[in-house]
Every structure is written in structure tokens, then in C-alpha cells.
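Report on the structure
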Amino acid sequence: MRVDCLIVGAGPAGSVMAEQMASKGFTTMVVEKKQEIGIFKRCAEGVTKHGIEKLGIKINESSIAGRIRGAMLYSPSGKTVVMEGKEMEGFVLERKIFEKWLASKAIESGAEYMVKAQAMGMQKKNQAWEVKVRSLEGMKEIEAKLVIGADGVESKVGRWAGINTVNKLTDYHSCFQYEMAGVNIDKNYIHIFFGNDVAPCGYAWIFPKEFSANVGLGILEKKAKMKAFDYVRKFIEEHENIFRNAQPIEANAGGVPVAHFTEMTADGVMLVGDAAQLVNPIHGGGITRAIHSSLIASEVAENAMNEGDLSKERLKEYEMKWEEEYGEKTKKLMKLRNFLEKLEDKDFELLADILQGEDIFQLTQAKLSFFIKKVMTKPSLLGLVKKYLMD
Ligand SMILES: Cc1cc2nc3c(=O)[nH]c(=O)nc-3n(C[C@H](O)[C@H](O)[C@H](O)COP(=O)(O)OP(=O)(O)OC[C@H]3O[C@@H](n4cnc5c(N)ncnc54)[C@H](O)[C@@H]3O)c2cc1C
């Protein structure tokens, strides 16, 4: 079996890549190891409306499980800062539906899909890659001019292609999440809780949906006293008012990479989405970035295919375009992450006193200079600001 483009993984990155490549006229196949696209989510399912629509994606109604006006942030002692405004509006998705919807768009554009089909390895064959796939019909060898690694945080495609995919363990957050019914919380907002006893070097979240909510947290294990699961149980116990009548209807765990690779291509190979670890290093959101990476990668792939040059040198244009778009911002957000990871509970209280919702939005956009000015007025934070935020 031969195709122009073989995509490993049918998450948001894989299906958007498939839609793009198929609609540009390339024979495109997607292999997905799970028996059903979109199941077992490892995601709190939140996206901003602005972020996703900027990419030209108008999410279909049935993929939307909650509509959000903004975010409420809670300090360890319970002080709140509210973030609202056009750019904070968003959705809590139903990923089971969202991912199938993205796949259906790719299929309408001509992509071929195989489910319960796992890529097991690949080797160079002539000018192409031969990918071994274990499928319901037995083992298959699929020859592809271009292989797209859209296989998520546990990606193997990059490693198979010789890309250096090793990151520090401290660059992964461990997450545990329940989806719960009966949660008593304002459904107009996502709710984010900070504190070293709540989620060391991370945060806890409640993302409300129509009749349920994603309740979870991410921690840096190195700094934690217990597992993410135990922190979630503790969080639920300590918020009796919110969870008195709540019960879990789903449980999931997963890792979020918070630092991306610099190398995302090899000869005839491109990595997109979590496979290249492209999440936002501050909040760990990766859906929009995964989709954006596929839009950029497919543009470069189209030209490279038409020129008959799929060498690493040619495909590197994708890395350069990504860097132009996100490089500077990501560097600043990494600095900010380092700073936030050093904060003690008393510092979070201080920040809750001096920051408004708009300030925090600007921070998430990597606008650090005003933050530095504001925080510099607080002597207890001076040392950390100088060490982590100023060059
Ligand atoms: C707990 C948690 C909460 C999160 N919350 C949010 C959030 O609220 N908002 C947000 O934007 N992001 C969130 N994220 C991140 C987000 O889930 C990811 O960034 C996003 O799913 C990346 O999409 P992707 O297509 O790159 O990878 P994935 O969605 O992981 O898709 C990869 C696909 O590849 C398949 N696959 C893997 N290996 C193979 C193989 N060998 N052969 C065939 N198929 C294979 C997998 O089965 C999977 O379907 C969260 C992550 C976690 C862990």
C-alpha cells in the first residue's frame, strides 16, 4: 500500500493535518491505535473562542459541552481574581465528539482512516518510509513519502526517525482528573486554584460542562509530597461546598509536556502537536497549538511535495515558521513558569492583591514588562523577579 502522506494518530493535530493534506490533493491515510477516535480523553477540554476561531475553525455545536465567559482564579486562602472579556470567552468541548467531527471533515476531504491500527515502527525504503501497522486486518506495510507524527505526548514517530525527543523529567506535569456530575459551581467560568498544598508547581481546575465538570490538577512530581491522584482527592475533600453532591463519571490521568523540542523534522517526517510537545508552557493547553502546528506543517508539506524535496533541510521551514510565530513568546512563558514554580503560598496571596484579571491575561500573552514593574514594588518578590524574569 502506498500513499503520499501517512499520519500516525487521529487527535486534533492528526485530523487537521489529514484534512489539509487530502484537500490539497495528496493521498492521505490516518492510522489511529484506539478503537474509537476521541476516547479516553486526557484533557480538561477547554479552549478559548478567540484562539480557535483565529485558526479559521468554527466548532460545530454538538462538540460544545460548556460555554465560558472567563476564568476565576483562587489564591491558597481563597481570594479570587476574575478574568473576563472577549478574549477570555471559550468553550469546554466534548472531545469524544470534537475529534470525530475533525476526522469527519478530513474524511469528507478524501482522507482514508483506519482505527485500531497501531504504527509499530518504520524504516527507510528508497525515497520513502515503510511504516509497519498492526491493524484489524493483520500486519500491514504502508509506504509513504511523508510520515506525520501526530501521536501525542508518548510519540514514537520522532524517535523512529532519529529525532532527539528526550526532555527533562521536570518538563512534564503529572495530571489526574475526574469528570464529575453534581458539582456545585458557577458554570459561566472555569475555576483555577493555586497553592503549594493544592498542586505543587501547577494548579487545580474545575472546567464546567452542561451537566458535569472536569475536576483535576497538574503537579511537578519532583516537588510533590504525594501523587496527583491524592492531591485531587484532597482538593475534593477540602471543597465540601462544591463537591458535596458530586460523584465521578470518568477518571483519567496523563502527562503534559511543558517544554517543546527544537527539532520537529527529519527526512520525510514532521512532528505536530503534542508529539513535538507544543503545549503552552504556562497553562498546558495544547489543542489550539496542535491544530496550528498542523496548519503550518501542511503548508510547508504541500510546497515540499510539489517541489519533490522532502529532505529535512526543506521541511525545516516548518520549524522556522513555528519559531517565528511562537518562539519568543514561548521563551518568555518558560521564564514565567520558572518564576511561578518558585512562589510560596504567601507570594500567591500577594499577587492576588496586586493583580487584576486583565493583568493576568496580559501575562498569559507573555507580556512581562508591566508585571515586572508591578511586582518589583514588593520587596519579598524582588529576588525572584531579578533571578527569573530579568535577563
Ligand atoms: C490532564 C490534561 C488536561 C488537559 N487539558 C487541556 C485543556 O483544557 N485544553 C487544551 O487545549 N489542552 C489540554 N491538554 C492538552 C491536550 O490534551 C493536548 O495538547 C492535545 O490533545 C494534543 O493533541 P494531539 O493531536 O497532538 O495529540 P493527542 O490528542 O494525544 O492525539 C494523539 C493520538 O495518537 C494516537 N496514537 C499514539 N500512538 C499511536 C500509534 N503508534 N499508532 C497509531 N495511533 C497512535 C493516540 O491514540 C491519540 O489518539 C490537557 C492534557 C492533559 C494530560
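Scoring rules and cut-offs
All residue numbers refer to position in the chain's written sequence, counted from 1. Totals for whole chains, interfaces and linings use all residues, but because this is a predicted model, local features are given only for residues with pLDDT of at least 70 and pairs of side-chain atoms are given and counted only at 80 or more. Hydrogen atoms and water are omitted, and side-chain values are computed over all heavy atoms in the structure. Helix axes are fitted only over the stretch in contact, all axes being lines through C-alpha atoms; the angle between N-to-C directions runs from 0 to 180 degrees. Comment: elements are numbered from the N terminus, with helices defined as DSSP H or I runs of at least four residues and strands as E runs of at least two. Any angle that falls under 35 degrees is termed roughly parallel, while one over 145 is termed roughly antiparallel, one within 65 to 115 roughly perpendicular, and all others oblique. Residues count as neighbours in contact if any of their non-hydrogen atoms are within 4.5 Å of one another. Under the grouping applied here, Gly and all other residues not named as nonpolar or charged are polar, the nonpolar ones being Ala, Val, Leu, Ile, Met, Phe, Trp, Tyr, Cys and Pro and the charged ones Asp, Glu, Lys and Arg. Grid points spaced at 1 Å over the protein atoms alone were grouped into cavities, where a 1.4 Å probe fits but cannot get out, and pockets, open sets with protein on both sides within 12 Å along at least five of seven lines, with lining residues defined by an atom within 4 Å of a point. Grid points are joined across faces, edges and corners, and a volume is the space filled by probe spheres set on the points. Each residue's exposure class comes from its accessible area (1.4 Å probe, protein chains only) as a fraction of the maximum for that residue type: buried when under 20%, exposed when over 50%, partly exposed otherwise. In these notes, residues near a molecule or strand are those with any non-hydrogen atom within 4 Å of it. Any N or O atom pair separated by 3.5 Å or less is treated as a polar contact, with the protein-specific requirement of one donor-capable and one acceptor-capable atom, and with residues adjacent in sequence counted only for side-chain atom pairs. Per-residue and other accessible areas follow the Shrake-Rupley method at a 1.4 Å probe size, with only the shown protein chains counted as cover for residues. Positive charge is attributed to Lys and Arg, negative charge to Asp and Glu, and no charge count is given to His or to the chain ends. Any carboxyl oxygen of Asp or Glu within 4 Å of a side-chain nitrogen of Lys or Arg constitutes a salt bridge here. Following DSSP output, two strands are said to pair if at least two bridges run between them. Where each domain begins and ends is defined by an automated method or by a domain database. Here's the idea: put two parts together, see how much 1.4 Å probe accessible area each one loses, and the total over both is what we call buried area.

**Things to note about the packing of helix α9 (residues 345-354) against helix α12 (residues 379-389)**
Put simply, α9 and α12 touch, their axes get as near as 11 Å, and they point 100 degrees apart. On the basis of their axis angle, the class for α9 and α12 is roughly perpendicular. Residue-level contacts link Asp-347, Leu-350 and Leu-351 of α9 to Ser-380, Leu-381 and Leu-384 of α12. The residue makeup of the contact of α9 with α12, split by class, is four nonpolar, one polar and one charged.

**Description of the layout of surface pockets**
Taking a probe equal in size to a water molecule and rolling it over the atoms shows the remaining empty space. Considered as a void within the structure, the second largest pocket measures approximately 210 Å³ in volume. Lining of the second largest pocket is provided by Lys-124, Asn-126, Gln-127, Lys-145, Asp-267, Gly-268, Ala-304, Met-305, Gly-308, Asp-309, Leu-310 and Ser-311.

**Things to note about unusual backbone geometry**
Despite not being glycine, Glu-45 has its phi angle at roughly 75 degrees, a positive value. Following the sequence through the fold, Glu-45 ends up in the loop between β2 (28-32) and β3 (46-48). By relative accessible area, Glu-45 is classed as buried at 1%. In this structure, Cys-201 is a non-glycine residue whose phi angle is positive, near 60 degrees. By the secondary structure assignment, Cys-201 is in the loop between β13 (189-193) and β14 (203-208).

**Re the site of the ligand**
Looking at the ligand, there are 34 residues lining it, with Glu-32, Ala-44, Gly-46, Arg-95 and Asp-274 nearest. One nitrogen or oxygen atom from the main chain of Ala-13 is found 2.9 Å from an oxygen atom belonging to the ligand. One of the backbone N or O atoms of Ala-119 is found 3.0 Å from a nitrogen atom in the ligand. Look at the ligand: alone it shows 1000 Å² of surface, and the protein chains cover 90% of it.

**Quick look at helix α10 (residues 357-364)**
The buried fraction of α10 amounts to seven of the eight residues, a majority that puts the element mostly inside the structure. Burial in α10 covers these residues: Gly-357, Asp-359, Ile-360, Phe-361, Gln-362, Leu-363 and Thr-364. The inward-facing, buried residues of α10 abut β5 (70-74), β6 (80-84), α8 (312-341), α9 and α11 (369-376). Immediately beyond the C-terminal end of α10, within one or two residues, lies Ala-366, with a positive phi of roughly 70 degrees.

**With respect to the side chain of Arg-289**
In this structure, Arg-289 sits in helix α7 (residues 287-307). It turns out Arg-289 is buried and unbridged, and the closest side chain with the opposite charge, Glu-323, is 9.3 Å from it. The residues contacting Arg-289, other than those within four sequence positions of it, are Leu-278, Val-279, Asn-280, Pro-281, Trp-322, Tyr-326, Thr-330 and Leu-333.

**Examining the pairing of β2**
Among the five residues that make up β2, five are buried, leaving the element largely enclosed by the rest of the structure. Side chains Thr-28, Val-30 and Glu-32 of β2 all project onto a buried face; the interleaved residues Met-29 and Val-31 project onto the opposite face, where all are buried too. With four bridges joining them, strand β1 (residues 2-8) and β2 adopt parallel strand pairing. Within β2, the residue paired with Cys-5 across the bridge is Thr-28.

**Focus: the environment of Glu-317**
Mapping Glu-317 onto the fold places it in helix α8. Counting along the chain gives 13 residues from Glu-317 to Ala-304, while the straight-line C-alpha distance between them is 9.6 Å.

**What about the domain arrangement of the protein chain?**
Here the protein chain is partitioned into domain 1 (2-59 + 94-166 + 259-331), domain 2 (66-91 + 169-257) and domain 3 (333-389). Taken together, the contact between domain 1 and domain 2 spans 20 residues of the former and 20 residues of the latter. For the pair domain 1 and domain 2, the two sides together bury roughly 1800 Å², of which 53% comes from carbon and sulfur. Put simply, domain 1 and domain 2 have five salt bridges between them. Where domain 1 meets domain 2, there are twelve residue pairs in polar contact (both at pLDDT 80 or more). Looking at the side of domain 1 that touches domain 2, the elements that each hand over two or more residues are β3 and α2 (49-53). No other element matches the three residues that β3 contributes to the side of domain 1 that touches domain 2. Residues belonging to the side of domain 1 that touches domain 2 are distributed by class as follows: eight nonpolar, six polar and six charged.

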